[in-house]
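Structural overview
So you can see what is in the structure, the chains are spelled out below.
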Amino acid sequence: MRTKPIFNQLKPYVPGKTIDEVKEAYGLERIIKLASNENPFGFSSHVQKHLQDAVTNLEIYPDGYARKLRTKLAAELHVDETKLIFGNGSDEIMQIICRTYLEPGTNTIMATPTFPQYRHNALIEGAEVREVPLVNGYHDLDEMLSIIDEQTRVIWLCNPNNPTGNIFTQAEFDQFMKKCPEHVLVVLDEAYMEYVGTEDFPNALNSLEEYENLIITRTFSKAYGLAALRIGYGVAQESVITKLEPAREPFNTSVIAQHAAVLALEDKAFIEKTFEKNVETKQELEDFCDRLGLRYYPSETNFLLIHLPITGDEMTEHLLQNGFIVRSGEALGIPHSIRLTIGKKDHMKEVMNAMEEKLAKVENS
């Protein structure tokens, strides 16, 4: 059987080790996962209390239009309901975008390193991928603009960027959008926007009326803590949504996921508390890095990309032995670093102690 030629080159996504796998491999009883930027505080108790209400009539297909969630989210964002599209995580929205806009003979532009699914889905559709290296963790927006041509269909902007955590500002975003040709769809991935504290962060929703070639993607998987349920969304002009909808599977989000997202939107206190705890603990981690002379990118997310005098694989292995799963920078395209999710305070103190122990051994060897 013959596949598309690109599948001879592509590899499936390799998830990090599961907690049970690490326990078995290292003979540990307790494992703390700090590799996938999940919310260490779980999810809203309001969701937990009322989610059972959705576990009825499971023999019936879900509402493909997601009416209740659509109405609730539209009111929260102050946008028209026709400007929303929902997906099985924001990942699926990205897949739908690629399926709709990209084909052989077209190209798409993105930073590197950034969220890998942009590239993966674009290659499957046969498009040329043009990657622009980050500059000290930041998007090189001017360089991205300079390589646009008539065959460019989509530009991907991850803000804050994963895996570095950096942002570009409102002024930088406005300047970029004014220079970007109208035939290019700009995808603004704001998966971590609930963690952003700076006032310079773009208010992209206000830009939707001005730019018809803009779509914003967001998720309930990070700050809202609903990663297991897989639900995300896109916001764009109705003209863009209308083009994307035929590429969306008719029942792509479950009843339970839709209901949980509605409940999560009702508990603003949970998001506020998550934000406050993240800021406080991230500052402690930054202070630790400063004390040890470890360089890191300024992050507006719930993770920190930390540069090391050893390989990320070495530090990852050491932390695994101490019961912590983190993400090696070698796997992310940034050697000699780790990406560390900001966890609970007591867990972060243990991680910092383990890191300091390893670095001390390296220094004395």
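That block above? That's the structure.
Within every chain, residues take consecutive numbers counted from 1 along the sequence as written. At least 70 in pLDDT is required for a residue's local features to be given in this predicted model, at least 80 for side-chain atom pairs to be given and counted, and no such filter applies to totals for whole chains, interfaces and linings, which use all residues. Side-chain figures throughout are based on the complete set of non-hydrogen atoms in the structure, without hydrogens or water.

Focus on unusual backbone geometry
Proline 113 follows threonine 112 through a cis peptide bond whose omega is -5°. For the bond running from asparagine 159 to proline 160, omega is 0°, close enough to zero to count as cis. The residue proline 160 is located in the loop between β5 (152-158) and α7 (170-179) in this model. Phi angles above zero are rare outside glycine, and asparagine 136 is one such case at about 55°. In this structure, asparagine 136 sits in the loop between β4 (128-133) and α6 (141-146). Burial classes: relative accessible area under 20% of the type maximum marks a residue as buried, over 50% as exposed, and values in between as partly exposed (1.4 Å probe, protein chains only). Asparagine 136 sits in the exposed class, given a relative accessible area of 58%. A positive phi angle, close to 60°, is found at histidine 336, a residue other than glycine. Helix and strand assignments come from DSSP, with helices taken as H or I runs of at least 4 residues and strands as E runs of at least 2, each series counted from the N terminus. Inspection of the secondary structure puts histidine 336 in the loop between α12 (329-332) and β12 (337-341).

Let's talk about the pattern of salt bridges
In what follows, salt bridge is the name for a side-chain nitrogen of Lys or Arg lying within 4 Å of a carboxyl oxygen of Asp or Glu. Scanning all chains against the criterion turns up 17 salt bridges. Residues glutamate 350 and arginine 30 are paired through a salt bridge, measuring 2.7 Å at the closest nitrogen-oxygen approach. Here the residue glutamate 350 occupies a position in helix α13 (residues 345-364), and arginine 30 occupies one in the loop between α1 (19-26) and β1 (32-33), the gap between them amounting to 320 residues. Classification of glutamate 350 as partly exposed rests on a relative accessible area of 33%. Arginine 99 is the salt-bridge partner of glutamate 249, the closest N and O atoms lying 3.7 Å from each other. Placement of glutamate 249 in the loop between α8 (238-244) and α9 (255-266) and of arginine 99 in helix α4 (residues 90-101) is noted, with a sequence separation of 150 residues between them.

Comments concerning the nonpolar core
Among buried residues, those of type Ala, Val, Leu, Ile, Met, Phe, Trp, Tyr and Cys that are joined through side-chain atoms within 4.5 Å constitute a nonpolar core. Membership of the largest hydrophobic core comes to 52 residues, with the highest contact counts inside it found for Leu69, Leu84, Ile155, Leu157, Phe176, Phe220 and Val235. At seven residues, the largest contribution of residues to this core is made by α9. Note on contacts: a residue pair qualifies if any of its non-hydrogen atoms lie within 4.5 Å across the two residues. Not counting chain neighbours up to four residues away, the residues in contact with isoleucine 155 comprise Ile109, Met144, Ile148, Phe176, Cys180, Val184, Leu185, Val186 and Val187. In this structure, Leu10, Ile93, Ala127 and Ala236 belong to the second largest nonpolar core, which totals 29 residues.

Some thoughts on the packing of aromatic side chains
Any two aromatic rings considered together are summarised by their centre-to-centre distance and by the angle between their planes. Aromatic rings from Phe, Tyr and Trp, taking only the six-membered ring of Trp, are treated as a pair when their centres fall within 6.5 Å; an angle between ring planes under 30 degrees marks them as stacked, one over 60 as edge-to-face, and anything in between as tilted. The final tally for this structure, using the stated rule, is eight aromatic pairs. Pairing phenylalanine 86 with tyrosine 233 gives two aromatic rings, centres 6.5 Å apart and planes at 50°, and the pair type is tilted. Remark: tyrosine 233 occurs in strand β8 (residues 232-236) and phenylalanine 86 occurs in strand β2 (residues 84-87); sequence separation between them is 147 residues. Across this residue pair, the class does not change: phenylalanine 86 and tyrosine 233 are buried. Relative to phenylalanine 173, the ring of phenylalanine 168 lies with its centre 6.3 Å away and its plane at 15°, an arrangement referred to as stacked.

Things to note about the sheet that holds β2
Think of it this way: DSSP has to see at least two bridges between two strands before they count as a pair. Spatial strand order, β2-β8-β7-β6-β5-β3-β4: seven strands in an open sheet with mixed pairing. What marks the edges here is a single partner per strand, and that holds for β2 and β4. Between one strand axis and the next, the sheet turns by 20° as a mean value, whatever way the strands run. Fitted lines through C-alpha atoms give the axes, limited to the stretch in contact for helices. The angle between two N-to-C directions lies from 0 to 180 degrees. Where helix α3 (residues 67-77) meets the sheet, it contacts β2, β7 (214-219) and β8, and its direction lies at approximately 125° from that of β2. Taken strand by strand, helix α5 (residues 117-124) contacts β3 (107-112), β4, β5 and β6 (185-189), and its axis lies near 160° from that of β4.

Some points on the packing of α3 against α9
Running from N to C, α3 and α9 point in directions that differ by 25°, and their axes come no closer than 9 Å. Our classification of the angle between α3 and α9 gives roughly parallel. The two elements α3 and α9 meet at a crossing, and its hand is left-handed. Packed against α3, whose contacting residues are Lys68, Leu69, Lys72, Leu73 and Glu76, the element α9 presents Gln258, Ala261, Val262, Leu265 and Glu266 at the interface. Each residue gets one label: Ala, Val, Leu, Ile, Met, Phe, Trp, Tyr, Cys and Pro are nonpolar, Asp, Glu, Lys and Arg are charged, and the others, such as Gly, are polar. In the contact of α3 with α9, the residues fall into five nonpolar, one polar and four charged. For this classification, under 35 degrees means roughly parallel, over 145 means roughly antiparallel, 65 to 115 means roughly perpendicular, and everything else is oblique. Left-handed describes a crossing whose near helix is turned anticlockwise from the far helix through less than a right angle; right-handed describes the clockwise counterpart.

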